[in-house]
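Take a look at the letters that make up each chain.
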Amino acid sequence: MPAYKRILLKLSGEALMGDDAFGINRATIVRMVEEIAEVTRMGVQVAVVIGGGNIFRGVAGGSVGMDRATADYMGMLATVMNALALGDTMDKAGLIPRVMSAIGIERVVEPYVRPKALQYLEEGKVVIFAAGTGNPFFTTDTAAALRGAEIGAEIVLKATKVDGVYSADPKKDPKATRYTSITFDEVMGKNLEVMDATAFALCRDQKLPIKVFSIFKHGALKRVVQGEDEGTLVHV
């Protein structure tokens, strides 16, 4: 029995790279979609916010010295490319994806309209939010917090390379311990990194819990959705 009816899953663009230097690793995206499909079959409504770092990394050198807003718009377009790839993979896996973009690009994907997104979720479709918030200077973490609040998600699931929030960097400190559960205030007090400050503040203000977990652990998403001890829960 799932612990949540509606979730917002935040995937980084880097998660799609697998072991590649940049771009989309086919085996990796197929495996991720299989994990998402497993959760939707449990009756959970799933919305996804996808980053663009895996594509932007390939052109990052050329963006040095570039106007920040211009570079951010390039990053938004990268998320649209990832969203299309994710949607296509979902379609082949038997899911019904709907890609919605925060910037106008109607020939390719439909615009983000909140009532339409809610309708799709109620119909059991997987909604993929592309192009971040549609504004420069805001990260896709902030887009995840914003869309999560807008669609009434019960939790934001931040899929990372690390299986939770630790007391210190586990790569540098072998004594670092994983928090099973921690409050927003404790995260701030201990100066731990969970999301960027804007995203974190939005989740805290909206009393929207965050679960940080590793998308690379097989079955982790299903265990999170079932309310098992996986990753770290950040709560009020």
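Residues numbered from 1 in each chain as written. Predicted model: local features only at pLDDT ≥ 70, side-chain atom pairs only at ≥ 80, totals over all residues. Heavy atoms only, no water.

Let's shift gears to the overall build of the protein. When you go through the protein residue by residue, the secondary structure sums to eight helices and nine strands. For 236 residues, the compact-globule estimate of 2.2 N^0.38 gives 18 Å, and the protein sits close to it at 17 Å. Over its C-alpha atoms, taken along the principal directions, the protein stretches across nearly 50 × 45 × 35 Å. A total of 236 residues make up the protein; the buried ones form 51% of that total. Sequence-distant contacts in the protein: of pairs separated by 6 or more residues, those separated by 24 or more amount to 73%. Of the side chains in the protein, 28 bear a positive and 28 a negative charge, and the two mean positions are spaced by 2 Å. (Helix = DSSP H or I, 4+ residues; strand = E, 2+ residues; numbered from the N terminus. Rg over C-alpha atoms; globule rule 2.2 N^0.38 Å. Buried < 20%, exposed > 50% of the residue type's maximum accessible area, 1.4 Å probe, protein only. Contact = heavy atoms within 4.5 Å. Lys, Arg positive; Asp, Glu negative; His and termini not counted. Charge placed at Lys NZ, Arg CZ, Asp CG, Glu CD.)

In this structure the tally under the stated criterion is two aromatic pairs. Centre to centre, the rings of Y112 and F129 are 5.4 Å apart; their planes meet at 85°, and the pair counts as edge-to-face. Of this pair, Y112 sits in the loop between β4 (110-111) and α4 (114-122) while F129 sits in strand β5 (residues 126-130); the two residues are 17 residues apart in sequence, bridging distant segments of the chain. This pair shows no difference in class: Y112 is buried, exactly as F129 is. Seen from their ring centres, F184 and F200 are 5.0 Å apart, and the 65° between their planes marks the pair as edge-to-face. Of the two residues, F184 is situated in helix α6 (residues 184-189) and F200 in helix α7 (residues 197-205); the sequence distance between them amounts to 16 residues. Note that R98 overlies the ring of Y120, its terminal NZ or CZ placed 5.5 Å from the centroid. (Phe/Tyr/Trp six-rings, centres within 6.5 Å; stacked < 30°, edge-to-face > 60°. Lys NZ or Arg CZ within 6 Å of the ring centre and 35° of its normal.)

Here we come to the pairing of strand β8 (residues 210-214). By the criterion of burial, β8 is predominantly enclosed, with five of the five residues buried. The two faces of β8 match: I210, V212 and S214 on one face and K211 and F213 on the other face are all buried. Note that β8 and strand β9 (residues 232-235) share three bridges and pair antiparallel. The partner of I210 across the bridge, within β9, is V234. (Pairing = 2+ DSSP bridges.)

Considering the arrangement of structural elements, one finds G53 in helix α2 (residues 53-56). Residues in contact with G53, not counting those within four places in the same chain, are G13 and E14.

The next subject is the pattern of salt bridges. Opposite charge on two side chains allows them to pair when their charged atoms are near. Using the criterion set out here, one finds 13 salt bridges in the structure. Note that K92 is salt-bridged to D88, the shortest N-O span being 2.9 Å. Placement of both K92 and D88 in helix α3 (residues 68-92) is noted, with a separation of four residues, approximately one turn of the helix. In this structure D88 comes out as partly exposed when scored by relative accessible area, which is 36%. Bridged by salt links that share partners, the residues K10, D141 and K158 form one connected network. (Salt bridge = Lys/Arg side-chain N within 4 Å of Asp/Glu carboxyl O.)

Here we come to the sheet that holds β5. Spatial ordering of the open sheet is given by β4-β3-β5-β2-β1-β6-β8-β9-β7, a layout of nine strands whose pairing is mixed. Of all strands in the sheet, those bounded by a partner on one side alone are β4 and β7 (181-183). Pairing of strand β2 (residues 45-50) with β5, which is carried by three bridges, proceeds in the parallel orientation. Bridge assignment links V48 to a residue of β5, and that residue is I128. Packed on one face of the sheet, α3 meets β1 (6-11), β2, β3 (97-101) and β5 and runs near 165° to β5. (Axes fitted to C-alpha atoms, helices over the stretch in contact; angles between N-to-C directions.)

Let us look at the packing of helix α5 (residues 140-150) against α7. The interhelical angle for the contact between α5 and α7, taken along N-to-C directions, is 15°, at an axis separation of 8 Å. Put simply, α5 runs roughly parallel to α7. The two elements α5 and α7 cross, and the hand of that crossing is left-handed. Residues D141, T142, A145 and L146 of α5 touch α7, and the partners they reach there are T198, A199, L202 and C203. Tallied by class, the residues present in the contact of α5 with α7 amount to five nonpolar, two polar and one charged. (Parallel < 35°, antiparallel > 145°, perpendicular 65-115°, else oblique. Left-handed = near helix turned anticlockwise from the far one by under 90°. Nonpolar A, V, L, I, M, F, W, Y, C, P; charged D, E, K, R; others polar.)

Shape descriptors only; they carry no functional weight alone.
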